[in-house]
Amino acid sequence: MLRRLALAAVPLTLLVPAVAVATGNHVEISATPQPVEVVPLPCFPAGKVMLGMTNTGRKPTIADMRVSGDSALTLSRHQFSSYLPVDQLVKAPLEITVPRGTAPATHTVDLTVGKERLEVPVVIKPVPARDNLLLGEQAVASSTNGNMRLCGGVDGNADSAQWGASGWHDNTKGVFPDTYGVDFVQTTTIGRVVLQTLDSTTYPAAVMGIRDFDAQVRTGSTWTTVGAIRGNVQGRVTVTFAPLAVDALRLVIRDSNDHGYSRIVELEGYSS
Ligand SMILES: [Ca+2]
C-alpha cells in the first residue's frame, strides 16, 4: 500500500476531495413536495415526501441521511442510506402522520447528510369538512391480508385500478363472514352506505367482487342490520335506510363471487 502511494506520487492536496466525498460534503439533499401536508385522521392518507440524495463529488460514495422531526410527527423512517453513483439522484419515500387532535401548525422534518442539512416544512391541516363520514376514520376489520392496508377501504380512493395500493381484503381465504367498517369517535348520523367492491377490466365485480353482505350499525353495544344485499354483481352498491345516530358501522360480508376474499376498494357513509 505504501509502495503504491509512493509510485503514484500523487500530491497530497489532490487526495482531499476524495476524503471529503466520504464524509458527505458533496451530497446534495432534496425533498419533494415542500411543504408536505398532513391531515390528523387515523386512516387519512399520510403526508408523502420523496427524499433525494445526489452525489455531486467525483467518486461514487455511500451516504447516510438522518431523518428527524419534532415529537408531533410520526415518521416512517429515520434513516436513508444508499450507495451513490456520481451525479445521479437516488430517492426514497417518507410518510408522515400525526395523531387525531393535532392542532393546525407548521412543523419541520430535518434531513442531514454529514454537514449538509435541509429543513422540510410540514403543514398540519385542519380536519376537512367531509360528506363521506367514513373518510379517514379508524377502520376495523376481522382480518387484513398482509399485502393490503387496513385503512385502504376508507382512504378516499375508490379507483379499482389502484386496488393494490388503496384497497382492503381479509386474510381468511374461502372462509366467511368477514367484517370491515369504522368505529366513530363521536356519535354520527348515517343514512346511506356505499360499497365500491373490486371492479376493474381485469377483475370485474361479477367475477371477483363482494356478492352477499349485510350493512350493520352499532348504537352502544347493539348491532342492527340496516340492509342486506344478496347476489350482487355490480362494482358500486348503495344501501339506503332511515338515518340513525350510530357509534360504528360495518359490513358483514357473507360471500364473494369467487368465494375467496372480501375485496373492498372503498366503503363510504353519508348522513342521508
Ligand atoms: Ca381505497
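Here is what the cut-offs are and how they apply
Residues numbered from 1 in each chain as written. Predicted model: local features only at pLDDT ≥ 70, side-chain atom pairs only at ≥ 80, totals over all residues. Heavy atoms only, no water. Helix = DSSP H or I, 4+ residues; strand = E, 2+ residues; numbered from the N terminus. Rg over C-alpha atoms; globule rule 2.2 N^0.38 Å. Buried < 20%, exposed > 50% of the residue type's maximum accessible area, 1.4 Å probe, protein only. Contact = heavy atoms within 4.5 Å. Areas by Shrake-Rupley, 256 points an atom, 1.4 Å probe, with all protein chains shown as cover. Pairing = 2+ DSSP bridges. Polar contact = N/O pair within 3.5 Å; in protein donor to acceptor, adjacent residues only side chain to side chain. Core = buried A, V, L, I, M, F, W, Y, C linked by side-chain atoms within 4.5 Å. Donors = N, O, S within 2.8 Å, 3.2 Å for Na, K, Ca; no water. Domains from an automatic or database assignment. Buried area = accessible area lost by both parts, 1.4 Å probe. Salt bridge = Lys/Arg side-chain N within 4 Å of Asp/Glu carboxyl O. Nonpolar A, V, L, I, M, F, W, Y, C, P; charged D, E, K, R; others polar.

Peer 1: Outline the overall build of the chain, supporting the account with residue identities and numerical values.
Peer 2: Check the secondary structure of the chain and you find four helices and 16 strands. In terms of overall size, the chain is more extended than a compact globule, its C-alpha atoms giving a radius of gyration of 25 Å where 272 residues would be expected to give roughly 19 Å. By principal-axis analysis of the C-alpha atoms, the chain measures approximately 85 × 40 × 25 Å. Taking all 272 residues of the chain together, 44% fall into the buried category. Contacts spanning at least 24 positions in sequence make up 71% of the contacts within the chain whose residues lie at least 6 apart. Total accessible area computed for the chain in this model is approximately 13900 Å², and 54% of it derives from carbon and sulfur atoms.

Peer 1: Please give an account of the pairing of strand E8 (residues 105-113) that cites residues and values.
Peer 2: Where strand E4 (residues 61-69) meets E8, four bridges bridge the pair, whose relative direction is antiparallel. When the bridges of E8 are listed, Arg66 appears paired with Thr112. Joining the antiparallel neighbours E8 and strand E9 (residues 116-124) is a turn of two residues, in which Gly114 adopts a positive phi near 60°.

Peer 1: For the side chain of Thr188, give the residues involved together with the corresponding values.
Peer 2: Inspection of the secondary structure assignment puts Thr188 in strand E12 (residues 178-197). Judged by relative accessible area, Thr188 falls into the buried class, the value being 13%. One polar contact links the side chain of Thr188 to the main-chain carbonyl oxygen of Gln186, over a distance of 2.8 Å. Contact partners of Thr188, with chain neighbours within four places excluded, come to Leu133, Leu244, Ala245 and Val246.

Peer 1: Give a detailed account of the nonpolar core, specifying residues and quantitative values.
Peer 2: Grouped together as the largest cluster of nonpolar side chains are 26 residues, with contacts concentrated most on Met65, Ile96, Val109 and Leu111. Of all the secondary-structure elements, those providing two or more residues to this core are strand E1 (27-32), strand E2 (36-38), strand E3 (47-55), E4, strand E6 (79-84), strand E7 (89-97), E8 and E9. No other element matches E7, which puts four residues into this core. Not counting the four nearest positions on each side in its chain, Met65 is found in contact with Ile29, Leu51, Gly52, Met53, His78, Gln79, Phe80, Leu111, Thr112 and Val113. Counting residues in hydrophobic clusters, the runner-up holds 25 residues, among them Leu134, Ala139, Ile210 and Ala215.

Peer 1: Any details on the coordination of the calcium ion? Residues and values, ideally.
Peer 2: For a metal bound by four donors in a tetrahedral arrangement, the ideal donor-metal-donor angle is 109.5 degrees, while six donors in an octahedral arrangement ideally sit at 90 or 180 degrees. Looking at the metal site, the calcium ion is ligated by Gly152 (O), Asp155 (OD), Asn157 (O), Ser166 (O), Ser166 (OG), Val265 (O) and Glu266 (OE), spaced 2.2 to 2.8 Å from it. Here the donor residues of the calcium ion share one chain and are spaced in sequence as G-x2-D-x1-N-x8-S-x98-V-E. Of this pair, Asn157 sits in the loop between strand E10 (139-141) and helix H3 (163-166) while Val265 sits in strand E16 (residues 263-270), placing them 108 residues apart in sequence.

Peer 1: Break down the domain arrangement of the chain for me, with residues and values.
Peer 2: We note that the domain assignment places domain 1 (2-124) and domain 2 (139-270) within the chain. Computed over C-alpha atoms, the centres of domain 1 and domain 2 are 39 Å apart. Contact with domain 1, which involves five residues of that partner, is made by six residues of domain 2. Summed over both sides, the interface of domain 1 with domain 2 buries roughly 430 Å², with 58% coming from carbon and sulfur. Across the domain 1-domain 2 interface, the total number found is one salt bridge. Between Glu95 and Arg149 there is a salt bridge, and its shortest N-O distance comes to 3.5 Å. Where domain 1 meets domain 2, there are one residue pair in polar contact (both at pLDDT 80 or more). Residues that form the side of domain 1 that touches domain 2 fall into these classes: three nonpolar, no polar and two charged.

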